[in-house]
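# An overview of the molecular structure
Given next are the chains, with one letter for each unit.
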Amino acid sequence: MSRQTPVTPDAMPLREALRGLRFMLRRGGETLVETLSVDSLPKPAADLAGAVLREVGELARSVDGMASEMAKTVLGGHENQSLPLQDMIHQQDAAGQFAAAFYVALSSVVRRLGAPSVFISEAAAKSVFTRTATHDPGVSTTRQAANMTISLIEAKVVRGTTAEQAARVPGSALEPVAIFAVMLWLQAARSEAENEAALDAATDLAVALALDIAGACTQRNAEQIEALYTRLVPHV
Amino acid sequence: MSDIRLHPESLPATNEPLRIAVRRMRWFKSAFLRYVQASSTELGCTFEVDETKLAAAFVRWLESIERQKPTDKTQRRAFFEFAAALMLRELTSDMPLKVSGTPAKAKADSAAAFWPEGYCCTMFCLSVHAAAMAQEFKTDTEIDHAADDLRQWWSFKENAVTDASFSAGFLQLLLGREPNWVFPDVFRARLSKELE
């Protein structure tokens, strides 16, 4: 009897949907609390509104927790995969691997930048890698990284940012700086043990050059972005 | 020679030559944070580190050594020394350290008590320099007795506030060199050639 490898369904769309649900609940809860000024209401209305908020908060937390656990535990995609970008580019079918690594690293970078929760689309990252990565030896890794950076921004891989975001960079620079940091980290030579420190270092470097990065990304200037990668990759 | 003791042993281990590792943000940051921690313990005070300022100083330092790096290999050793001076210039131009409390374990008339942040950054640069010199050239670094003269530190602090390039001259002074005080942050050999 022939043995066939079972076809594993791609869990990424479901993972993405659960993350979307989690994001909506978190952001919705924050908005509700910010919008409803319970303290300024007269006594009976304040009690009623407070009770409703607590109920909604409890519901949001349980669904959020459920969605988080399902996304993390059941569906996977949270291991910090860390193959260098140049290796992934030259592998067959590495888009899923890239997207998973990109998602985990970008989530971490956004936190390091002091930004509140944003939605990160792993599906958009996968699609960008599929469209942009090329085996053409005439296109350098830094150039491919620059092209991907622009495509990731255009694909809105980071969603739900607002103007006042992030303690360490100006609001409008959050998205390009965070994406740049991850792409820089992916290109840097590092051991498994150095992964976290390297990501931290890539984030620091991106923050230090936030204005240059944001300017090059706004202009969709692949040459400038490539030059920044060439300059910084050896120093992560 | 000064009695001030450097702490190159507090720098993190690396499999790479130090001259390479120090130009990586991850090692530089780890080394700086460890050195600050060791200084906190030694001086009896707490330092707050602004990591954004530290990263900006590192990037400016990289840019300045790239700009001034000599092509002449015979100047390599002199430039090692100069690179440490440029590092101090960048750290003092936008200080990433802020001390809270007074350094209880430092002598009242010492440089560490007078300007803890400047002292810590200077000792860090000298320690990195000493470790790199020992590795590359098998030489020990000696600190000039100028380091024990509080007037030198007073001058350093006063001048560095208005002109960070002064810091580069100060570090060269502590290494026993006579800096070019007109252009203390321009690699002297290169400047001499340009003026010929």
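Here the residue numbers are simple positions, counted from 1 along each chain's written sequence. Both sets of labels track the order of writing: A upward for chains, 1 upward for ligands. Only residues with pLDDT of at least 70 get local features here, since the model is predicted, and only at 80 or more are side-chain atom pairs given and counted; chain-wide, interface and lining totals rely on the full set of residues. For side-chain calculations, the full set of non-hydrogen atoms in the structure is used, while hydrogens and water are omitted.

## Some thoughts on the overall build of chain A
Each helix is a run of DSSP H or I of at least 4 residues and each strand a run of E of at least 2, with the numbering of both proceeding from the N terminus. When helices and strands are counted, chain A shows 10 helices and two strands. Reading chain A from its N end, one meets helices and strands in the order α-α-α-α-β-α-α-β-α-α-α-α. With a 1.4 Å probe rolled over the protein chains alone, any residue whose accessible area is under 20% of its type maximum counts as buried; one over 50% counts as exposed, and the rest are partly exposed. In chain A, buried positions account for 47% of the 236 residues. Here a residue-residue contact requires only that any non-hydrogen atoms of the pair lie within 4.5 Å. If you take every contact in chain A between residues at least 6 apart in sequence, the share linking residues at least 24 apart comes to 76%. We get accessible surface area from the Shrake-Rupley algorithm with a probe of 1.4 Å; when it comes to residues, only the shown protein chains can shield them. Only carbon and sulfur atoms are counted for the fraction: they give 59% of the accessible area of chain A, which is about 11700 Å².

## Things to note about the overall build of chain B
When you go through chain B residue by residue, the secondary structure sums to nine helices and two strands. Mapped from its N terminus to its C terminus, chain B presents α and β elements in the order α-α-β-α-α-β-α-α-α-α-α. Taking all 196 residues of chain B together, the buried fraction comes to 52%. Within chain B, contacts between residues at least 6 apart in sequence are counted, and of these 71% link residues at least 24 apart. Carbon and sulfur atoms make up 51% of the accessible area of chain B, which totals about 9500 Å².

## Thoughts on unusual backbone geometry
Its identity as a non-glycine residue notwithstanding, A:Lys156 has a phi of 50°, on the positive side. Although it is not a glycine, B:Lys138 sits at a positive phi angle of roughly 55°. Looking at where B:Lys138 falls in the secondary structure, it is placed in the loop between helix H6 (116-137) and helix H7 (150-162). Residue B:Lys138 is classed as exposed on the basis of its relative accessible area of 69%.

## A few points about the side chain of A:Ser151
Residue and element names in this part refer to chain A. When you line up the elements, serine 151 lands in helix H6 (residues 141-154). Take serine 151: its relative accessible area is 15%, and that puts it in the buried class. Apart from the residues lying within four places of it in its own chain, the contact partners of serine 151 are Val128 and Thr132.

## Observations regarding the interface of chain A and chain B
With 18 residues of chain A at the contact, the number on the chain B side is 13 residues. For any pair of parts, buried area is found by adding up, for both, the accessible area (1.4 Å probe) each one loses once the two are put together. Note on chain A versus chain B: buried area summed over both sides is about 1200 Å², and carbon and sulfur give 53% of it. The term salt bridge refers to a pairing of a side-chain nitrogen on Lys or Arg with a carboxyl oxygen on Asp or Glu at a separation within 4 Å. Across the contact surface, chain A and chain B share four salt bridges. Here A:Asp204 and B:Lys29 are joined by a salt bridge, their closest N and O atoms 2.7 Å apart. If you tally residues by element for the side of chain A that touches chain B, the top one is helix H8 (residues 195-208) of chain A, at eight residues. All residues other than Ala, Val, Leu, Ile, Met, Phe, Trp, Tyr, Cys, Pro, Asp, Glu, Lys and Arg, Gly among them, are scored as polar; the first ten of these are nonpolar and the last four charged. Along the lines of polarity and charge, the residues of the side of chain A that touches chain B split into 11 nonpolar, one polar and six charged.

## Points about the packing of aromatic side chains
Residues and elements named next belong to chain B. Ring pairs are drawn from Phe, Tyr and Trp, using the six-membered ring of Trp, whenever the two centres fall within 6.5 Å, and their geometry is named by plane angle: stacked under 30 degrees, edge-to-face over 60, tilted for the rest. The final tally for this structure, using the stated rule, is 19 aromatic pairs over all chains. Taking 4.9 Å as the distance between ring centres and 40° as the angle between the ring planes, the aromatic pair formed by phenylalanine 28 and phenylalanine 58 counts as tilted. Of the two residues, phenylalanine 28 sits in helix H2 (residues 25-43) while phenylalanine 58 sits in helix H3 (residues 51-68), which places them 30 residues apart along the sequence. By relative accessible area, which is 0% here, phenylalanine 58 ends up buried. Taken together, Phe28, Phe32, Tyr35, Phe58, Trp61 and Phe124 form an aromatic cluster joined through their ring pairs. The aromatic ring of phenylalanine 137 is capped on one face by arginine 77, whose charged end is 5.2 Å from the ring centroid. Over the ring of phenylalanine 114 we find lysine 157; its NZ or CZ atom is 5.3 Å from the centre of that ring. Think of it as a cone above the ring: NZ of Lys or CZ of Arg counts as a charge over the ring if it is within 6 Å of the ring centre and within 35 degrees of the ring normal.

## Digging into helix H7 (residues 174-187) of chain A
Each helix should span, by expectation, one fewer than its residue count multiplied by 1.5 Å. With 14 residues, H7(A) should cover 20 Å at 1.5 Å per step; its first-to-last C-alpha distance of 20 Å lies within 8% of that length. Burial analysis of H7(A) places 14 of its 14 residues in the buried class, which makes it a mostly covered element.

## Considerations on the side chain of A:Arg190
Relative to the assigned elements, A:Arg190 resides in the loop between H7 and H8. A:Glu192 provides the closest opposite charge to the buried, unpaired A:Arg190, separated from it by 7.3 Å. Nitrogen and oxygen atoms within 3.5 Å of one another constitute a polar contact, given that in protein one can donate a hydrogen and the other can accept it, and given that sequence-neighbouring residues count only through two side-chain atoms. Within polar-contact distance, the side chain of A:Arg190 engages the backbone oxygen of A:Trp185 at 3.0 Å. Sequence-distant contacts of A:Arg190, defined by excluding residues within four places in its chain, comprise A:Ser82, A:Leu83, A:Pro84, A:Trp185, A:Asn195, A:Ala198 and B:Arg26. Positive charges come from Lys and Arg alone, negative charges from Asp and Glu alone, with His and the N- and C-terminal ends not counted.

## Remarks on H6(A)
Residues and elements named next belong to chain A. Between the first and last C-alpha of H6 there are 20 Å, a value that for 14 residues agrees with the 20 Å anticipated at 1.5 Å per step. Listing the buried residues of H6 in full gives Thr142, Gln144, Ala145, Ala146, Met148, Thr149, Ile150, Ser151, Leu152 and Ile153. Its buried side turned inward, H6 meets helix H3 (85-89), helix H4 (95-112), helix H5 (122-132), H7, helix H9 (210-218) and helix H10 (222-232).

## Points about the pattern of salt bridges
A side chain with one charge can pair with a side chain of the opposite charge if their charged atoms come near. What the rule picks out here adds up to 21 salt bridges over all chains. Of the charged contacts, one joins B:Arg177 and B:Glu81 as a salt bridge, the two residues approaching to 2.8 Å between their closest N and O atoms. Of the two residues, B:Arg177 is situated in the loop between helix H8 (165-174) and helix H9 (188-195) and B:Glu81 in helix H4 (residues 76-93); the sequence distance between them amounts to 96 residues. A cluster of three or more residues bridged by salt bridges with shared partners is formed by A:Arg112, A:Arg168, A:Glu196, A:Asp200, A:Asp204, B:Lys29 and B:Glu51.

## A word on the packing of H3(B) against H4(B)
Residue and element names in this part refer to chain B. For the pair H3 and H4, the least separation of the axes is 9 Å and the interaxial angle reads 145°. The handedness of the crossing between H3 and H4 is right-handed. Where H3 abuts H4, its residues Leu54, Ala57, Arg60, Trp61, Ser64, Ile65 and Gln68 lie against Phe79, Phe82, Ala83, Leu86, Met87, Arg89, Glu90, Leu91 and Ser93. Of the residues belonging to the contact of H3 with H4, the class tally is 10 nonpolar, three polar and three charged. Only the stretch in contact is used when fitting a helix axis, every axis being a line fitted to C-alpha atoms; angles between N-to-C directions are given from 0 to 180 degrees. Here is the rule for handedness: rotate from the far helix to the near one, and if that takes an anticlockwise turn smaller than a right angle the crossing is left-handed, while a clockwise turn gives right-handed.

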